[in-house]
Amino acid sequence: MDEAAFLETYDPAAFERPSVAVDLILMSVVDGTPAVLLTRRDRHPFQGNWALPGGFVGIGESLDAAARRVLAEKAHMADAYVEQLYTFGAVNRDPRMRIVSVAYFALIPAAAFAAALKAAPALALAELTVPWKGEAGGPVEVRLAESEPLALAFDHGEMLGIAMLRLRGKLDYSSVAFALLPERFTLRALQDVHEAILDTRLNKPAFRRRMLDRGWLEPTGERETGASFRPAELYRYRNANQGEQ
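Quick notes on the rules
- Residues numbered from 1 in each chain as written.
- Predicted model: local features only at pLDDT ≥ 70, side-chain atom pairs only at ≥ 80, totals over all residues.
- Heavy atoms only, no water.
- Helix = DSSP H or I, 4+ residues; strand = E, 2+ residues; numbered from the N terminus.
- Contact = heavy atoms within 4.5 Å.
- Polar contact = N/O pair within 3.5 Å; in protein donor to acceptor, adjacent residues only side chain to side chain.
- Buried < 20%, exposed > 50% of the residue type's maximum accessible area, 1.4 Å probe, protein only.
- Domains from an automatic or database assignment.
- Buried area = accessible area lost by both parts, 1.4 Å probe.
- Salt bridge = Lys/Arg side-chain N within 4 Å of Asp/Glu carboxyl O.
- Nonpolar A, V, L, I, M, F, W, Y, C, P; charged D, E, K, R; others polar.
- Pairing = 2+ DSSP bridges.

Chemist: Mind showing me how you'd approach the environment of Arg 98 here?
Modeler: Within the element layout of this structure, Arg 98 appears in the loop between strand S5 (81-88) and strand S6 (99-107). For the pair Arg 98 and Val 20, spaced 78 residues apart in sequence, the C-alpha to C-alpha distance is 8.7 Å. Setting aside anything within four residues of it in sequence, one finds Arg 98 in contact with Pro 18, Ser 19, Gly 89, Ala 90 and Val 91. Engagement of the side chain of Arg 98 in a polar contact is seen with the backbone oxygen of Gly 89, the distance being 3.0 Å.

Chemist: Help me understand unusual backbone geometry in this model?
Modeler: Among all residues except glycine, the phi angle is most often negative; among peptide bonds, the trans geometry is most common. Residue Pro 45 follows His 44 across a cis peptide bond; omega there is 0°. In this model, Phe 46 sits at a positive phi of 60°, which is unusual for a non-glycine residue. Checked against the element boundaries, Phe 46 lands in the loop between strand S2 (33-40) and strand S3 (50-51). Looking at Phe 46, the relative accessible area reads 31%, which means it is partly exposed. Although it is not a glycine, His 76 adopts a positive phi angle of roughly 55°.

Chemist: Help me out: how do you make sense of the domain arrangement of the protein in this one?
Modeler: It is common to give the size of an interface as the accessible area lost on bringing the parts into contact. Domain assignment breaks the protein into domain 1 (19-171) and domain 2 (183-244). Of the roughly 780 Å² buried at the junction of domain 1 and domain 2 (both faces included), carbon and sulfur atoms supply 65%. Looking at the side of domain 1 facing domain 2, the largest losses of area belong to Val 29, Arg 168 and Leu 171, adding up to 61% of the total buried there. Here Lys 133 makes a salt bridge to Asp 199, at a shortest N to O gap of 3.5 Å. At the junction of domain 1 with domain 2, the criterion picks out 2 residue pairs in polar contact (both at pLDDT 80 or more). Counting residues per element, the ones that place at least two in the side of domain 1 that touches domain 2 are S2 and helix H4 (156-171). The element that contributes the greatest number of residues to the side of domain 1 that touches domain 2 is H4, accounting for 4 residues. When grouped by side-chain class, the residues that make up the side of domain 1 that touches domain 2 number 6 nonpolar, 2 polar and 2 charged.

Chemist: I keep staring at the pairing of strand S7 (residues 123-129) and nothing clicks. Help me out?
Modeler: Side chains on a regular strand alternate between the two faces of the sheet. Examined bridge by bridge, S2 and S7 share 5 bridges and lie antiparallel to one another. The residue of S7 that forms the bridge with Thr 39 is Leu 123. With 3 bridges connecting them, S7 and strand S8 (residues 141-143) associate as antiparallel partners. Residue pairing across strands places Glu 127 opposite Arg 143, the latter belonging to S8.

Here's what the structure looks like:
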């Protein structure tokens, strides 16, 4: 039997097939605090609970295409920095049926974050608190304004914990932090992003020296506006269109 004949007689129903979904972790740093966009579920299961925006992958759709579609449909974004984070496949993670979810991680500057909230009223901004230091890993706490910590739907709390672990792990050796900044930024803003993600204060002279020595920063020759004191110099990421973050 050749391959054509085999495929002609093959029965796709011979094996059980799980459904596949994508969930988006849309993260920023807002007012010095890590933040994520959540949506309240309007149907069972977990009706009324908060969850990450997500959706099922179409039968003729790639994972990346599904993530981009959900990003556009539910957050009205088309150009965020997105990477695949992790695949969550616990047998009972969804009470409806066997569903495997591929989590995607999108890092968004605060201004674009605010625009997404305005364009998508179904989304809400939630603050993240990481109770562990360094790269120990573990659960995170998620709050809306002054609320108590939220119990998220499905395993979305675990997704957020892994996202923060990945972000902290990549922060020192990659340029991932620049995805959280506007095109032009001050060294102070860059340090604020690092401190918010790491949840620790950094030595200002040492941090600035390390960033400048890496060759990632390009002076723009401009200074910030609206400053009370001497305006700080504005920089841009030198390799913004070169290589990977």
